[in-house]
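What follows is each chain in one-letter form.
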Amino acid sequence: MKYDQIDSKLFIKNRKSFTAGMKPNSLAVFNANDIYPIGADSTMPFQQNRDLFYLSGVDQEEAILVLFPDAPKPEHREILFLTETNPHIAVWEGAKLDKEKALEVSGIETVYWLQDFEKIFFEVMSQCETVYFNTNEHYRANVQTETRDERFIKWCKEKYPAHQVAKSNPILQRLRSVKDPIELDLMQKACDITEKAFRRALKFTKPGVWEHEIEAEYWHEMIKNRSRGFAYTPIIASGNNANVLHYTENNQQCKEGDLILLDTGAEYANYSSDMTRTIPVSGKFSNRQKQIYNAVNKVKKEATKWLVPGTIWAEYHKEVGKLMTSELLDLGLLDKADVQNEDPKWPAYKKYFMHGTAHNIGLDTHDYGILTEPMKPNQVFTVEPGIYLPDEGFGIRLEDDVVIQPEGEPFNLMRNIPIEVEEIEEIMNS
């Protein structure tokens, strides 16, 4: 991994918090992600199962974590199973974690090789009543590939049909949504790398460059700063491409007078950042572009203030919708009749601002969090209003990542990233 080793006290704390939510005499199992094939002998770069990483810090394929807080043997209350490393693996793939390094990374003292899994697992299953399975229950999940966790669940139910089962996800939804100070530091690092990459892109952009060339500038700066790269597929959308919300082709030439919507964020140590800025190809906004830009920025500033403890996510979006409606009326994009006759299920403002304003962010770009519960301190949310005008050939979205504070306005992890019109123009023309 490119990132600096994370203090194991984070993962020790996370495991303690998770096991505190388990039923008596139960164990929980977490599997690493698969390495997914592309074709022939090619594979996609490995990314760890975020739940396993959250609880162990282990960033290695084929790992299994078993948590059994009521185990009769103290050494079986936390167990890590890893692929046994050897000189052959070290030559061809690089050395894997040995038992000493695994302890250093995770804080877990009991480490077995994978070849012993079924034997040890049989022993602990004979001593417990309930097994917690790890499932992905994110509200936006749409998984078509069978995961390693899912294969394990099938095997375990067949092998141990008399055990009660429970879900780890509800516990993790609450825990992962509230960030530890160490996590916030890692997210700040991801945002700082995003800032460096964005400033590089500002200097590079001019009429005639291609969207993919701007993407390459981001990649260079991210990798240079020990990021794996983008936390999600980047959107480099010039001109009318910005009106395609999930435009990712990034293959068009940037034309003089156009705007470019840059939805780009670096990851660091598996933690995400998520930033959007909209910049002028020529280094200067037109009066109309500036008018729309400042309206979006005004909504963003006001919407940010409302991310405080106790706020309900669904109600927050309704209030932001009212704020955006007011701006669209001032801009003349809506009139009073549009608002009076609107469908409550699809308000008038949705014609120009059709997506949500905020989502949890952390180990996943759209991170875990129970959205029906009030917001809490140290949760991290995006703020991302936009106005999209296909008839005028541009769209504008602005987005930052902010940490909810115990009192007052949230803390902006992207506070140092240029956003005002004057800042953007000054850097592009310096």
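Residues numbered from 1 in each chain as written. Predicted model: local features only at pLDDT ≥ 70, side-chain atom pairs only at ≥ 80, totals over all residues. Heavy atoms only, no water.

What to know about the pairing of strand 9 (residues 235-238)
Both faces of strand 9 are covered, namely the face carrying I235 and A237 and the face carrying I236 and S238. As defined by bridge partners, strand 9 adjoins strand 10 (residues 259-264) across four bridges and the pair is classed as antiparallel. Paired with S238 across the bridge in strand 10 is I260. (Buried < 20%, exposed > 50% of the residue type's maximum accessible area, 1.4 Å probe, protein only. Helix = DSSP H or I, 4+ residues; strand = E, 2+ residues; numbered from the N terminus. Pairing = 2+ DSSP bridges.)

Things to note about the state of the cysteines
Tallying each qualifying case throughout the model produces zero disulfides. For the unlinked cysteine C156, the closest cysteine sulfur is that of C128, found at 8.4 Å. Assessed through its relative accessible area of 1%, C156 is described here as buried. (Disulfide = S-S within 2.5 Å.)

Thoughts on the sheet that holds strand 10
Read across the sheet, three strands follow the order 9-10-13 without closing on themselves; strand pairing throughout is antiparallel. At either end of the open sheet lies a strand with only one pairing partner, and these are strand 9 and strand 13 (275-280). Each strand of the sheet is rotated relative to its neighbour by a mean of 15°, with strand direction disregarded. With six bridges joining them, strand 10 and strand 13 adopt antiparallel strand pairing. When the bridges of strand 13 are listed, L261 appears paired with T278. The strands touched by helix 8 (residues 181-204) are strand 10 and strand 13; relative to strand 13, the strand with the most contacts, the crossing angle is about 15°. (Axes fitted to C-alpha atoms, helices over the stretch in contact; angles between N-to-C directions. Contact = heavy atoms within 4.5 Å.)

Re the packing of helix 5 (residues 117-125) against helix 6 (residues 148-159)
Helix packing for two helices is described by the angle between their axes and how far apart those axes are. Viewed as axis vectors pointing N to C, helix 5 and helix 6 meet at an angle of 55°, and their least axial separation amounts to 13 Å. Compared by their axis directions, helix 5 and helix 6 come out oblique. Between helix 5 and helix 6 lies a crossing of right-handed hand. Contacts between helix 5 and helix 6 involve F117, E118, F121 and M125 from the first element and F152, W155 and C156 from the second. A class-by-class count of the residues in the contact of helix 5 with helix 6 yields six nonpolar, no polar and one charged. (Parallel < 35°, antiparallel > 145°, perpendicular 65-115°, else oblique. Left-handed = near helix turned anticlockwise from the far one by under 90°. Nonpolar A, V, L, I, M, F, W, Y, C, P; charged D, E, K, R; others polar.)

Remarks on the packing of aromatic side chains
For any pair of aromatic rings, the description rests on two quantities: the centre-to-centre distance and the angle between the ring planes. Considering all chains together, one arrives at 20 aromatic pairs under this definition. An aromatic cluster is built from F81, Y112, F117, F121, F133, F152, W155 and Y160, whose rings are joined through pairwise contacts. For K206, the ring lying beneath its charged end belongs to F204, and the centroid distance is 5.4 Å. For the cation-ring pair, K350 lies above W346, with the distance from its terminal atom to the ring centre recorded as 5.5 Å. (Phe/Tyr/Trp six-rings, centres within 6.5 Å; stacked < 30°, edge-to-face > 60°. Lys NZ or Arg CZ within 6 Å of the ring centre and 35° of its normal.)

A look at the packing of helix 10 (residues 287-305) against helix 13 (residues 421-428)
Relative orientation of the contacting elements helix 10 and helix 13 amounts to 125°, with a least axis distance of 11 Å. As the angle between them shows, helix 10 and helix 13 are arranged oblique. Across from K290, Y293 and N294 in helix 10, the residues of helix 13 making contact are V421, I424 and E425. Here the contact of helix 10 with helix 13 is built from residues that sort into three nonpolar, one polar and two charged.

Points about unusual backbone geometry
Even without a glycine there, the phi angle at A40 is positive, about 50°. Its location among the elements puts A40 in the loop between strand 2 (37-39) and strand 3 (42-43). In the Ramachandran plot, N250 falls in the positive-phi region, its phi being about 50° despite a non-glycine side chain. Note on placement: N250 falls in the loop between strand 9 and strand 10.

So, the domain arrangement of the protein chain
Interfaces are frequently sized by the accessible area removed from exposure as the parts join. We note that the domain assignment places domain 1 (8-176) and domain 2 (181-429) within the protein chain. Once you take the C-alpha centre of each, domain 1 and domain 2 turn out to be 35 Å apart. Between domain 1 and domain 2 lies a buried interface of about 1,800 Å² when both sides are counted; carbon and sulfur atoms form 53% of it. Counting across the domain 1 and domain 2 interface gives three salt bridges. (Domains from an automatic or database assignment. Buried area = accessible area lost by both parts, 1.4 Å probe. Salt bridge = Lys/Arg side-chain N within 4 Å of Asp/Glu carboxyl O.)

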